[in-house]
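# A structural walkthrough
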There are 2 protein chains.
Amino acid sequence: MTPEQTFGKPRQRAPSKRALATRERVLDAAEAVFADRGFDGATIRDIASEAGEPVGTIHHHGGGKEALFHLTVARRAAALSQARLDALARCRASGPLTLESLLSAFMRPFFDLSRDNPRWRHYARIVAFVSTDDRWRAIAAECFDPTAEIFLDEFLALRPDASRQQLAAGFVFSVSAMLALLTSQGRITALGHAPAPEADQVDHLVRYCAAGLAA
Amino acid sequence: MTPEQTFGKPRQRAPSKRALATRERVLDAAEAVFADRGFDGATIRDIASEAGEPVGTIHHHGGGKEALFHLTVARRAAALSQARLDALARCRASGPLTLESLLSAFMRPFFDLSRDNPRWRHYARIVAFVSTDDRWRAIAAECFDPTAEIFLDEFLALRPDASRQQLAAGFVFSVSAMLALLTSQGRITALGHAPAPEADQVDHLVRYCAAGLAA
DNA sequence: GTCTATATGTAGATAGAC
DNA sequence: GTCTATCTACATATAGAC
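Only a predicted model underlies this, so the values are computations on that prediction, with no experimental measurement involved.

### What about the protein's contact with DNA strand C?
Within the structure, DNA strand C sits among 17 residues, and Glu53(A), His61(A), Ile44(B), Arg45(B) and Lys65(B) are positioned closest to it. In DNA strand C, the atoms that sit within 4 Å of the protein are 65% sugar and phosphate, with bases accounting for the remainder. The side chain of His61(A) places a nitrogen or oxygen atom 3.4 Å from a phosphate oxygen of DNA strand C. Within the backbone of Ile44(B), one N or O atom sits 2.8 Å away from a phosphate oxygen of DNA strand C. Among the elements of the structure, α1 (17–41) and α3 (55–62) of chain A together with α2 (44–51) of chain B are those that each provide at least two residues to the surface near DNA strand C. Counting residues per element, the surface near DNA strand C draws most heavily on α3(A), at 4 residues. In terms of residue class, the surface near DNA strand C is made up of 5 nonpolar, 8 polar and 4 charged.

Next comes the structure, spelled out in structure tokens:
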């Protein structure tokens, strides 16, 4: 409960439906442009034009370029974590965990969301560079590390013989392979001389990472 | 032999030693700054300041920001390819190839070069984002794809039962894991709650990828 | 909340002296 | 080849009308 809500006459009204819709459009546009051009390559003007809004509106809702980026990353992070934790719970309910089922719970929700909604594909590109650029370490730590720790603990429980350092490295390898599949489809197709259906590739990814982690 | 060299009086003399040294300093500085801030985040002025040269000199040797970036990526690409192919030849000379020895020939040279010369670490960061950003697809294709094709063909020969598409995907997964180890040491350490010696990690990486590719 | 107009800084690039 | 001074364009950000 925010301080304003504790009084009879809140100083700030709840945002109108229209304002909320504008805000979503701004974040969708920011997501698309950041995904396409990276943080430095993106401009507020590009985002405004993509959103069909004047430049001032972007600042009004975003509060500056860095804050807007942070909002963009954080917006879907909770939903992604929740989808992963739900998948983990379902996995556990249907029998003992295995390396494959655990990896599957971590990875498949992202692919499922991407298949249903192309905006999640933009988001995947952003996650890829947030995860690898030290500049966004704080954002990555806030948005992704808590869930990563939970899954890493599960891996540790499954493989009590391996050290936490080894499993952490294997987990990072696996995440980077997953992001490669989400973002580098073009390179895989070029090297393979032919495209492959994504569903098979996800199965392949899970098997690949499970075998790697088992090693 | 360039056209100029075919005449008695070449229009352009060979660059002086001093000019060559300046050029190297410019490229080293560009490499460091591009690695640290990405293409759009880097500025010609940052590079000039890092090189200890005036801004005009950067343009003189680089020929514009994009051309300078291209030069920076291409400079070490030939040496890297050669090191990999040499390692492959040595591998082959010392017995029949295996998945592990083949991966080792591809991956270890990069780590060896990085260990000996910190500039190769800057280069690794650049390779990481050139490899994943479609914007630099042409540069990546020119600098890295030829060697990748050679190694992929070797993988195909070792695993005739697998499809080229599957192996291409596995190869891209492996490369992304390698780049993760070269660039995301911080994240691995944070998740692992402790640092690990890099030599062990490279062994681990090779085992991880070999197991994944075998699956 | 929304939009226009503008302030201020800094980017990439180049012309021309040395 | 090297370096200074400068041009032009466009970036972020904001002030203030509606």
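### So, the protein's contact with DNA strand D
Neighbouring DNA strand D are 18 residues; Ile44(A), Arg45(A), Lys65(A), Glu53(B) and His61(B) lie closest to it. Protein-proximal atoms of DNA strand D, defined as those within 4 Å of the protein, fall in sugar or phosphate at a share of 61%. Within the backbone of Ile44(A), a nitrogen or oxygen atom sits 3.0 Å from a phosphate oxygen of DNA strand D. Within the side chain of His59(A), an N or O atom sits 3.2 Å from a phosphate oxygen of DNA strand D. Mapped by element, the contributors of at least two residues to the surface near DNA strand D are α2 (44–51) of chain A together with α1 (17–41) and α3 (55–62) of chain B.

### Topic: the relation of the copies chain A and chain B
Least-squares fitting of chain A to chain B yields an RMSD of 0.0 Å, with the transformation described by 0.0 Å of translation along the axis and a rotation of 180°. The transformation just described matches what one would write down for a two-fold rotation axis. Of the residues that chain A buries at the interface, 100% are likewise interface residues in chain B, meaning the two copies contact each other through the same surface.

### Considerations on the nonpolar core
In terms of nonpolar packing, the biggest core is built from 140 residues, with Met178(A) and Met178(B) touching the most fellow members. Sequence-distant contacts of Met178(A), defined by excluding residues within four places in its chain, comprise Arg84(A), Phe106(A), Met107(A), Phe110(A), Phe111(A) and Leu205(A).

### Describing the interface of chain A and chain B
The partner chain B presents 49 residues to the 49 residues of chain A that form the contact. Both sides of the chain A and chain B interface together cover about 4,200 Å² of buried area, and 60% of this is carbon and sulfur. In terms of surface lost to chain B, no three residues of chain A exceed Phe173(A), Arg187(A) and Tyr208(A), which account for 20% of the buried area on that side. Between chain A and chain B we count 2 salt bridges in total. The closest approach of N and O atoms between Arg187(B) and Asp145(A), which form a salt bridge, is 2.7 Å. Summed over the shared surface of chain A and chain B, the result is 13 residue pairs in polar contact (both at pLDDT 80 or more). If you list the elements that add at least two residues to the side of chain A that touches chain B, you get α1, α6 (118–132), α7 (137–143), α8 (145–158), α9 (164–183), α10 (185–192) and α11 (198–214) of chain A. Considering each element in turn, the side of chain A that touches chain B owes the most residues, 14 residues, to α9(A). Residues of the side of chain A that touches chain B, tallied by class, amount to 24 nonpolar, 14 polar and 11 charged.

Definitions and cut-offs
- Residues numbered from 1 in each chain as written.
- Chains lettered and ligands numbered in written order.
- Predicted model: local features only at pLDDT ≥ 70, side-chain atom pairs only at ≥ 80, totals over all residues.
- Heavy atoms only, no water.
- Near = heavy atom within 4 Å.
- Polar contact = N/O pair within 3.5 Å; in protein donor to acceptor, adjacent residues only side chain to side chain.
- Helix = DSSP H or I, 4+ residues; strand = E, 2+ residues; numbered from the N terminus.
- Nonpolar A, V, L, I, M, F, W, Y, C, P; charged D, E, K, R; others polar.
- Least-squares fit on C-alpha atoms with pLDDT ≥ 70 in both.
- Contact = heavy atoms within 4.5 Å.
- Core = buried A, V, L, I, M, F, W, Y, C linked by side-chain atoms within 4.5 Å.
- Buried < 20%, exposed > 50% of the residue type's maximum accessible area, 1.4 Å probe, protein only.
- Buried area = accessible area lost by both parts, 1.4 Å probe.
- Salt bridge = Lys/Arg side-chain N within 4 Å of Asp/Glu carboxyl O.

That's the geometry; what it means functionally is another story.
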